[in-house]
Amino acid sequence: MSQSHQYLVIPGPVEVRPEILQAQTEWMIGHRSSEFAALFARLQTKLKQAFLTQYRVFLSGSSGTGLWEGASRNCIRDDRRVLHLVGGAFSERWAEISQANGKQTDVIEVAWGQAHTPEMVADALKKQAYDAVCAVHNETSTGVTHPIQEIGAVVRDYPETLFLVDTVSGFLGTELRTDDWGIDVALTSSQKAFALPPGLAFAAVSDRAMERAKQVPHRGYYFDFWALEESLVKNNTHNTPPVSLMFAADKQLDDILAEGLENRWQRHQAMKDTTHAWALSREFGLFAQAGYRSNTVTTVDNREMKLDVGAMAKFMAGRGFSMDQGYGQIKGKTFRIAHMGDMQPATLQQVLDGLDAFMQA
Ligand SMILES: *Cc1c(COP(=O)(O)O)cnc(C)c1O
């Protein structure tokens, strides 16, 4: 590998361990071979454990955005409405995707940094019937984790309404219980807290969502849940999958399940606590609303401009760390410290020490 290595402290793609990168260099196999079917089956078993679901986990050779489109296309009928919970760049984009697919879209919008409440969703569902509620678990642009469990409980009172959740930067970094929380589609990408290279996306999909898809005549092709299902039951994919990434996922899931989901969530929480304590003791604010701050990414409030974020990133690059400089409308006014994936507390400490050195320089 090349000499220059910057450890990624950005919230995706995140650092991938060398042994996981190495797993991608296995000899190629054909995706209609029995070896591939065995690989697919192994992945399916482990993914169901990771999502805490009894149903199925689709795997797609795309980034998470593809499965946003898939979820919207398969789960919302054209003559019904969908409710999107919007409060940051990613939740906003998913609503745009539903619209781009011709779905009749309503939004509940909260200010960036704020969380949606179950009450807001309960009020909306009382007034209007929806085919689906779409929520982002962990809004990466703001560092807010939304109360998905509580919102799911509200949605469950409406049998016609599916609950679709983007857990791209929450999954495997913070608690997510797909079935117990009444989630019909939980979708994620490989390159966030999963700590794989980008290029693979995953969606745990309930039987209820599959039944809904039957009522949608034009589900598209690439992300058609029934086409994916037809192949999945044969331990296969309906087109050529990114086999090398699947080798990496196979090993990564072994390591994740060996660590244990709850231990992994706890490690993330401990790193969040360390990051918060650092930020507050250096007289920074925290951008996300108290009580809803993410375990995987901390958005440091820099609105008083204590820190020149561009200069900080340059300084940190000199120490081998690639830093975030804020996202969208809050770029520079905030910066994010990602503490997700396979990052260990000792590495996080080096990052915080580096930031201290920058501020003392
Ligand atoms: C990164 C991210 C996405 C986009 O995922 P891609 O894999 O880049 O398509 C969607 N939602 C959230 C919350 C994200 O953090």
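Here the structure is a predicted model, which means the values were calculated and not measured.

Undergrad: Run through the overall build of the protein chain, naming residues and quoting values.
TA: Helix and strand counts for the protein chain stand at 12 helices and 14 strands. Here the C-alpha radius of gyration of the protein chain, 20 Å, is about what a compact globule of 361 residues would show, namely 21 Å. With the principal axes as the frame, the protein chain shows a C-alpha extent of 60 × 55 × 35 Å. Scored against the burial criterion, the 361 residues of the protein chain give a buried share of 59%.

Undergrad: Which residues make up the domain arrangement of the protein chain, and what are the values?
TA: What the domain assignment lists for the protein chain is domain 1 (7-14 + 261-360) and domain 2 (20-257). Relative placement of domain 1 and domain 2: their C-alpha centres are 26 Å apart. At the interface, 26 residues of domain 1 touch 34 residues of domain 2. For the pair domain 1 and domain 2, the summed buried area comes to about 2500 Å², and 57% of that belongs to carbon and sulfur atoms. Broken down residue by residue, the surface that domain 1 buries against domain 2 is led by Leu261, Trp265 and Tyr292, which jointly contribute 27%. The interface formed by domain 1 and domain 2 holds 18 residue pairs in polar contact (both at pLDDT 80 or more) in total. Listing elements by their share of the side of domain 1 that touches domain 2, those giving two or more residues are helix H10 (261-281) and strand E12 (297-301). Ranked by residues supplied to the side of domain 1 that touches domain 2, first place goes to H10 with five residues. By residue class, the composition of the side of domain 1 that touches domain 2 is 12 nonpolar, nine polar and five charged.

Undergrad: Describe the sheet that holds strand E9 (residues 185-189), with residues and values.
TA: Reading across the sheet, the seven strands line up as E2-E10-E9-E8-E5-E3-E4 and stay open at both edges, with mixed pairing between neighbours. Sheet topology places strand E2 (56-60) and strand E4 (104-109) at the edges, where each strand pairs with a single neighbour. The mean inter-strand angle of the sheet, taken between neighbouring strand axes irrespective of direction, is 20 degrees. Note: strand E3 (residues 81-86) against E4, six bridges, orientation parallel. Across the sheet, residue Val86 finds its bridge partner in E4, namely Glu109.

Undergrad: Please set out the packing of aromatic side chains residue by residue, giving values where relevant.
TA: In total, this model carries 12 aromatic pairs according to the counting rule given. Pairing Phe315 with Phe358 gives two aromatic rings, centres 5.5 Å apart and planes at 50 degrees, and the pair type is tilted. Remark: Phe358 occurs in helix H12 (residues 345-360) and Phe315 occurs in helix H11 (residues 309-318); sequence separation between them is 43 residues. Look at Phe358 and you get buried, because its relative accessible area is 16%. Chaining the aromatic ring pairs together yields one cluster made of Phe51, Phe171, Phe194 and Phe202. Of note, Lys192 hangs over the ring of Phe90, and the distance from its end group to the ring centre comes to 5.2 Å.

Undergrad: Pulling in residues and values, what's your account of the state of the cysteines?
TA: Applying the stated rule across the entire model yields zero disulfides. As a non-bridged cysteine, Cys75 has Cys134 as the owner of its nearest cysteine sulfur, 8.1 Å distant. Classification of Cys134 by relative accessible area gives buried; the value is 1%.

Undergrad: Outline H12, supporting the account with residue identities and numerical values.
TA: With 16 residues, H12 should reach 22 Å at 1.5 Å per residue; the first-to-last C-alpha distance of 22 Å fits that figure. If you check which residues of H12 are buried, you get Thr347, Leu348, Val351, Leu352, Gly354, Leu355, Asp356, Ala357 and Phe358. Buried residues along H12 sit in contact with strand E1 (7-8), H10, H11, strand E13 (321-322) and strand E14 (334-338).

Undergrad: Which residues make up unusual backbone geometry, and what values go with them?
TA: For the bond running from Gly12 to Pro13, omega is -5 degrees, close enough to zero to count as cis. Following the sequence through the fold, Pro13 ends up in the loop between E1 and helix H1 (18-23). Phi is positive for Ala195, close to 60 degrees, though the residue is something other than glycine. Take Ala195: it is sitting in the loop between E9 and strand E10 (201-205). Judged by relative accessible area, Ala195 falls into the buried class, the value being 0%. For Asn235, which is not glycine, the phi dihedral falls at a positive 55 degrees. One can find Asn235 in the loop between helix H8 (225-232) and helix H9 (243-259).

Undergrad: Give a detailed account of the site of the ligand, specifying residues and quantitative values.
TA: Close to the ligand lie 14 residues; Ser63, Thr65, Thr140, Asp166 and Lys192 are nearest. A distance of 2.5 Å separates an oxygen atom of the ligand from a polar atom in the side chain of Thr65. A total of 380 Å² of accessible area belongs to the ligand in isolation, and the protein chains cover 90% of it. Take the shell around the ligand: its biggest share by element is three residues, from helix H3 (residues 64-75).

Undergrad: Residues and numbers for helix H5 (residues 118-127), please.
TA: Within an α-helix, residues lying three or four positions from one another point in the same direction, as the helix has 3.6 residues per turn. Within the sequence span of H5, burial applies to Pro118, Val121, Ala122, Ala124 and Leu125. Seen from one end, H5 has its buried residues packed into an arc of 165 degrees, which puts them on one side. Exposed and oriented more than 90 degrees from the buried face of H5 are Glu119, Lys126 and Lys127. Contacts from the buried residues of H5 go to E3, E4, strand E5 (132-136) and helix H6 (148-155).

Basis of the calculations
Residues numbered from 1 in each chain as written. Predicted model: local features only at pLDDT ≥ 70, side-chain atom pairs only at ≥ 80, totals over all residues. Heavy atoms only, no water. Helix = DSSP H or I, 4+ residues; strand = E, 2+ residues; numbered from the N terminus. Rg over C-alpha atoms; globule rule 2.2 N^0.38 Å. Buried < 20%, exposed > 50% of the residue type's maximum accessible area, 1.4 Å probe, protein only. Domains from an automatic or database assignment. Contact = heavy atoms within 4.5 Å. Buried area = accessible area lost by both parts, 1.4 Å probe. Polar contact = N/O pair within 3.5 Å; in protein donor to acceptor, adjacent residues only side chain to side chain. Nonpolar A, V, L, I, M, F, W, Y, C, P; charged D, E, K, R; others polar. Pairing = 2+ DSSP bridges. Axes fitted to C-alpha atoms, helices over the stretch in contact; angles between N-to-C directions. Phe/Tyr/Trp six-rings, centres within 6.5 Å; stacked < 30°, edge-to-face > 60°. Lys NZ or Arg CZ within 6 Å of the ring centre and 35° of its normal. Disulfide = S-S within 2.5 Å. Expected span 1.5 Å × (residues − 1). Near = heavy atom within 4 Å. Areas by Shrake-Rupley, 256 points an atom, 1.4 Å probe, with all protein chains shown as cover. Arc of directions from axis to C-beta.

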